[in-house]
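Notes for the structure review
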Amino acid sequence: MKFAVIVFPGSNCDLDMYHAVKDELGEEAEYVWHDSKDLSSYDGILLPGGFSYGDYLRCGAIAQFSGVMDEVRKAAEAGKPVLGICNGFQILTEAGLLPGVLLRNKNLKFMCRTVGLKVENNNTLFTNEYEQGEEIQIPIAHGEGNYYCDDATYNHLKENNQIVFTYADDFNGSRNNIAGIINERGNVLGMMPHPERAVSELIGGKDGLALFRSIVKQWRESHVSHA
Amino acid sequence: MKKVKVYVTLRESVLDPQGSAVMGSLHKMGYGEVADVRIGKYLELVIGDSERDVDSLVNELCHRLLANTVIEDYRYEIEEVVSQ
């Protein structure tokens, strides 16, 4: 499976994402610059964390108009897996590919530590290698990770099982502890925690690896060769 | 040429932690009469000659990029720029 790691000016988790897919999973990965006009040769799209365009105006607001975002939209419409982590999640909400928005953490602090996450929905292409309700340990590193949406949007997310991860504890003010959501079709996931930073015991844990394994597993099952 | 002053503020229903922190500080300084603080953004746009109606242009800019209407309101003022 071949992944595109989109690199915006200000991305800083692109190397971690590349490492997770290429070195820990053994799949193909390439860095793709933000003005690329063609993502058709990739099977999965990864939007890494960081501070695209300096987080000026609002985090993710300027990146949504990068040239490559039209291609990311096309990939999402084609049903390819699109994963946005941290700033990548913020970009996906600003681009309208996921509902809601990320606000400043309620205590105004940038927080960087490992937190407990509950798998609320393991029936997705991103989470099929987890158990339903399983609690995993994944690092966070964000100042604006406070997920907000209105009541109607929340009810819709809930009814459609689009809430994929919640925090075990409320530390940033996110609505109902939401840490990650998926689109209605189920192929676009945005989350604030960093699974790509939890792919080896050497760096403190590997609970994030199953997320990447899930994507590859689902892809292989739907691209079985009968030769 | 026109100068457009755009004010972007968090909607009333959205918690403004920055505003709350500043209000807490003002209270500590003894200004207990400050009942609320909200922090927003102020942008100045200079719009060159255009065939487009300035109001519809500014509204479009605000909706597409300058404000996220899920959480933010905006208002603006238009001034004529007098050439020097």
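Since the structure is predicted, the reported quantities are computational estimates derived from the model, not experimental observations.

Okay, the overall build of chain B next. Tallying secondary structure elements over chain B gives 2 helices and 3 strands in all. Of the regular secondary structure in chain B, the N- to C-terminal order runs β-α-β-α-β. A principal-axis box enclosing the C-alpha atoms of chain B has dimensions of 50 × 35 × 15 Å. Put simply, chain B has 84 residues, and 27% of those count as buried. Here the analysis covers contacts within chain B between residues at least 6 apart in sequence; of these, 70% occur between residues at least 24 apart. By element, 51% of the accessible surface of chain B is carried by carbon and sulfur atoms, the whole surface being about 5600 Å². Each charge class in chain B was averaged separately, 10 positive and 15 negative side chains, and the resulting centres sit 5 Å apart.

Looking now at the pattern of salt bridges. All names here are of chain A. Counted by the stated rule, this structure contains 18 salt bridges over all chains. Its salt-bridge partner being E129, residue K217 comes within 3.5 Å of it at the nearest N-O pair. Separated by 88 residues along the polypeptide, K217 in helix α5 (residues 209-222) and E129 in the loop between β6 (111-119) and β7 (135-142) bring together distant segments of the chain. The salt bridge involving D151 is made with R175; its shortest N-O contact spans 2.7 Å.

Turning our attention to the sheet that holds strand β1 (residues 2-7) of chain A. All names here are of chain A. Spatially, 9 strands are ordered β2-β1-β3-β4-β11-β10-β9-β6-β7 in an open sheet, and the strand pairing comes out mixed. Strands with a single pairing partner mark the edges of an open sheet, and in this sheet they are β2 (28-33) and β7. For this sheet the average axis-to-axis angle between neighbouring strands, irrespective of direction, equals 25 degrees. Where β6 and β7 come together, 8 bridges link them in antiparallel fashion. Directly across from R113, in β7, lies its bridge partner I140.

Here we come to the sheet that holds strand β1 (residues 2-10) of chain B. Residue and element names in this part refer to chain B. If you trace the 3 strands from one edge of the open sheet to the other, you get β2-β1-β3, paired in antiparallel fashion. Strands at the two margins of the open sheet, each flanked by one partner only, are β2 (40-47) and β3 (72-80). In this sheet, adjacent strand axes meet at a mean angle of 20 degrees when their direction is disregarded. When β1 meets β3, the two strands line up antiparallel, connected through 9 bridges. What sits directly across from T9, in β3, is D73. Its contacts with the sheet put helix α2 (residues 54-66) on β1, β2 and β3, and the angle it makes with β3 is roughly 145 degrees.

Okay, the pairing of strand β3 (residues 44-47) of chain A next. Residues and elements named next belong to chain A. Residues of β3 alternate between two faces, with G44 and L46 on one and I45 and L47 on the opposite face, all of them buried. Summarising the sheet, β3 and strand β4 (residues 82-85) pair through 3 bridges and their orientation is parallel. Directly across from L47, in β4, lies its bridge partner G84. Regarding topology, helix α2 (residues 68-77) serves as the crossover connection from β3 to the parallel β4, and that connection is right-handed.

This part covers the layout of surface pockets. Considered as a void within the structure, the largest pocket measures approximately 420 Å³ in volume. As for the largest pocket, its lining consists of 24 residues, and the residues nearest its centre are R58 and E144 of chain A together with Q18, K41 and E72 of chain B. Only α3 (87-94) and β5 (101-103) of chain A together with β1, α1 (17-28) and β2 of chain B provide two or more residues apiece to the lining of the largest pocket. Split into classes, the residues belonging to the lining of the largest pocket amount to 11 nonpolar, 5 polar and 8 charged. Within this model, the second largest pocket holds a volume of roughly 190 Å³. Surrounding the second largest pocket, 17 residues form its lining, G50, F51, F110, A141 and H142 of chain A being those nearest its centre. Within the residue set of the lining of the second largest pocket, elements represented by two or more residues are α3 and β7 of chain A.

Another point: the interface of chain B and chain A. Listed as interface residues are 17 residues of chain B and, on the opposing side, 14 residues of chain A. Across the chain B/chain A interface, buried area totals approximately 1300 Å², and carbon plus sulfur atoms make up 68% of it. The largest share of the area that chain B buries against chain A comes from P17, L65 and N68 of chain B, three residues that together contribute 35% of it. Our count for the chain B to chain A interface comes out at 1 salt bridge. The shortest N-O distance in the salt bridge between R58 of chain A and E72 of chain B comes to 3.7 Å. Elements represented by at least two residues in the side of chain B that touches chain A include exactly α1, β2 and α2 of chain B.

In this section: the nonpolar core. Counting residues in hydrophobic clusters, the biggest one holds 70 residues, and the most contacted among them are I6, L39, I45, L83, L117, F165 and L211 of chain A. Sequence-distant contacts of L211 of chain A, defined by excluding residues within four places in its chain, comprise L83, F126, Y130, F165, L189, M191 and P195 of chain A. Grouped together as the second largest cluster of nonpolar side chains are 12 residues, V4, V6, L45 and L66 of chain B included.

Criteria and cut-off values
Residues numbered from 1 in each chain as written. Chains lettered and ligands numbered in written order. Predicted model: local features only at pLDDT ≥ 70, side-chain atom pairs only at ≥ 80, totals over all residues. Heavy atoms only, no water. Helix = DSSP H or I, 4+ residues; strand = E, 2+ residues; numbered from the N terminus. Buried < 20%, exposed > 50% of the residue type's maximum accessible area, 1.4 Å probe, protein only. Contact = heavy atoms within 4.5 Å. Areas by Shrake-Rupley, 256 points an atom, 1.4 Å probe, with all protein chains shown as cover. Lys, Arg positive; Asp, Glu negative; His and termini not counted. Charge placed at Lys NZ, Arg CZ, Asp CG, Glu CD. Salt bridge = Lys/Arg side-chain N within 4 Å of Asp/Glu carboxyl O. Pairing = 2+ DSSP bridges. Axes fitted to C-alpha atoms, helices over the stretch in contact; angles between N-to-C directions. Right-handed = clockwise from strand over helix to strand, strands pointing away. 1 Å grid on protein atoms, 1.4 Å probe; cavity = no way out; pocket = protein on both sides within 12 Å on 5 of 7 lines; lining within 4 Å. Points joined across faces, edges and corners; volume = space filled by probe spheres on them. Nonpolar A, V, L, I, M, F, W, Y, C, P; charged D, E, K, R; others polar. Buried area = accessible area lost by both parts, 1.4 Å probe. Core = buried A, V, L, I, M, F, W, Y, C linked by side-chain atoms within 4.5 Å.

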